[in-house]
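# Report on the structure
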Amino acid sequence: MVDTFTKTERSALMARIRSHGNAATELRFLRFLKESGITGWRRRYKLFGKPDFVFPKSRLAVFVDGCFWHGCPRCYREPKSNRSFWRNKVATNRKRASLVNSELRRKNWLVIRIWQHQLANRRQAALKKRLLAALSNARPRTSRRPARRISAHVRNS
């Protein structure tokens with residue numbers, strides 16, 4: 001299929017896609033968390049890889065990956081045009097995700113990646129079970145700072 005947009009129009013259209021607040025992934029998962037009564041999460045938490053949701057006390061980072069952008073093995077269909085670009089794009093996204101997972105795990109964080117298709121209503125019971133299991137197995141937060149010693153400073157007079 002031939003692209004019906006000019007290069008400039010396509011670029012403008014693609015620029016409108018945001019990494020935060022995507023209705024098909026992040027906002028749907030947000031609604032799922034609220035409806036499920038799952039609490040303790042934060043959004044836009046400053047952590048390597050920019051997880052979509054973080055449960056700081058449990059040290060759990062949750063990424064909700066779009067099936068197209070991350071090349072879901074179940075759903076991804078490669079576009080017919082510009083195949084080399086899309087292969088490279090998806091491969092780069094997967095490589096970055098793997099790097100982020102490794103780095104966060106190295107820093108003692110539990111990482112969960114959820115595919116966009118797992119947010120479907122018929123799959124939410126399984127998703128809730130998976131998330132609650134992860135939260136119960138998550139690593140409790142430990143203080144990064146060593147305990148401060150309290151010492152009396154005596155001034156010689």
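Residues numbered from 1 in each chain as written. Predicted model: local features only at pLDDT ≥ 70, side-chain atom pairs only at ≥ 80, totals over all residues. Heavy atoms only, no water.

Right, let's talk about the packing of helix H2 (residues 26-36) against helix H4 (residues 124-137) for a bit. Packing of H2 against H4 brings their axes to within 11 Å, and their N-to-C directions diverge by 75°. Compared by their axis directions, H2 and H4 come out roughly perpendicular. On H4, the residues that touch Phe-29, Phe-32, Leu-33 and Ser-36 of H2 are Gln-124, Leu-127, Lys-128 and Leu-131. (Axes fitted to C-alpha atoms, helices over the stretch in contact; angles between N-to-C directions. Helix = DSSP H or I, 4+ residues; strand = E, 2+ residues; numbered from the N terminus. Parallel < 35°, antiparallel > 145°, perpendicular 65-115°, else oblique. Contact = heavy atoms within 4.5 Å.)

What follows is about helix H3 (residues 83-106). Helix length check: H3 (24 residues) gives 34 Å between terminal C-alpha atoms against 34 Å at 1.5 Å per residue, within 8%. Among the residues of H3, Trp-86, Val-90, Asn-93, Ala-97, Val-100, Asn-101 and Leu-104 are the ones counted as buried. (Expected span 1.5 Å × (residues − 1). Buried < 20%, exposed > 50% of the residue type's maximum accessible area, 1.4 Å probe, protein only.)

A separate point is the environment of Cys-67. Here Cys-67 is to be found in the loop between strand E2 (60-65) and H3. Take Cys-67: its relative accessible area is 6%, and that puts it in the buried class.

This paragraph deals with the pairing of E2. Counting buried positions over the 6 residues of E2 gives 6, a clear majority of the element. In E2, alternate side chains face the same way, and those of Leu-60, Val-62 and Val-64 on one face and Ala-61, Phe-63 and Asp-65 on the other are all buried. Taking the residues between adjacent antiparallel strands as the criterion, strand E1 (residues 53-55) and E2 are bridged by 4 residues, where Arg-59 takes a positive phi near 55°. Direction of pairing for E2 relative to strand E3 (residues 110-115): parallel, over a ladder of 6 bridges. Bridged to Val-64 within E3 is Ile-114. Read as a crossover between parallel neighbours, the route from E2 over H3 to E3 is right-handed. (Pairing = 2+ DSSP bridges. Right-handed = clockwise from strand over helix to strand, strands pointing away.)

Before going further, it helps to examine the sheet that holds E2. On the basis of which strands lie adjacent, the open sheet formed by 3 strands has the order E1-E2-E3 and mixed pairing. Strand pairing shows two members of the sheet lacking a second neighbour, E1 and E3, which therefore form its edges. Taken over all neighbouring pairs, the strand axes of this sheet differ in orientation by 20° on average, direction set aside. Sheet analysis places E1 next to E2, joined by 3 bridges and oriented antiparallel. Of the residues in E2, the one forming a bridge with Phe-55 is Leu-60. Seen against the sheet, H2 touches E1, E2 and E3 and runs at an angle of roughly 35° to E1. The sheet contacts of H4 involve E1, E2 and E3, and relative to E3 the element is tilted by about 170°.

Our next topic: the packing of aromatic side chains. According to the stated counting rule, one finds 9 aromatic pairs in the structure shown. A ring pair is formed by Trp-69 and Trp-86, whose centres lie 5.8 Å apart and whose planes are at 55°; its orientation type is tilted. With a gap of 17 residues between them, Trp-69 in the loop between E2 and H3 and Trp-86 in helix H3 connect regions that are remote in the sequence. Exposure remark for Trp-69: the relative accessible area of 24% places this residue in the partly exposed category. On the accessibility criterion, Trp-86 (12% relative accessible area) is buried. (Phe/Tyr/Trp six-rings, centres within 6.5 Å; stacked < 30°, edge-to-face > 60°.)

Grouped together as the largest cluster of nonpolar side chains are 19 residues, with contacts concentrated most on Phe-29, Leu-33, Phe-55, Leu-60, Val-62 and Leu-131. Those residues in contact with Leu-131, other than ones at most four positions away along the chain, are Phe-29, Phe-32, Leu-33, Ile-38, Phe-55, Leu-60, Val-62 and Ile-112. Membership of the second largest hydrophobic core comes to 8 residues, among which are Leu-47, Ala-61, Phe-63 and Val-111. (Core = buried A, V, L, I, M, F, W, Y, C linked by side-chain atoms within 4.5 Å.)

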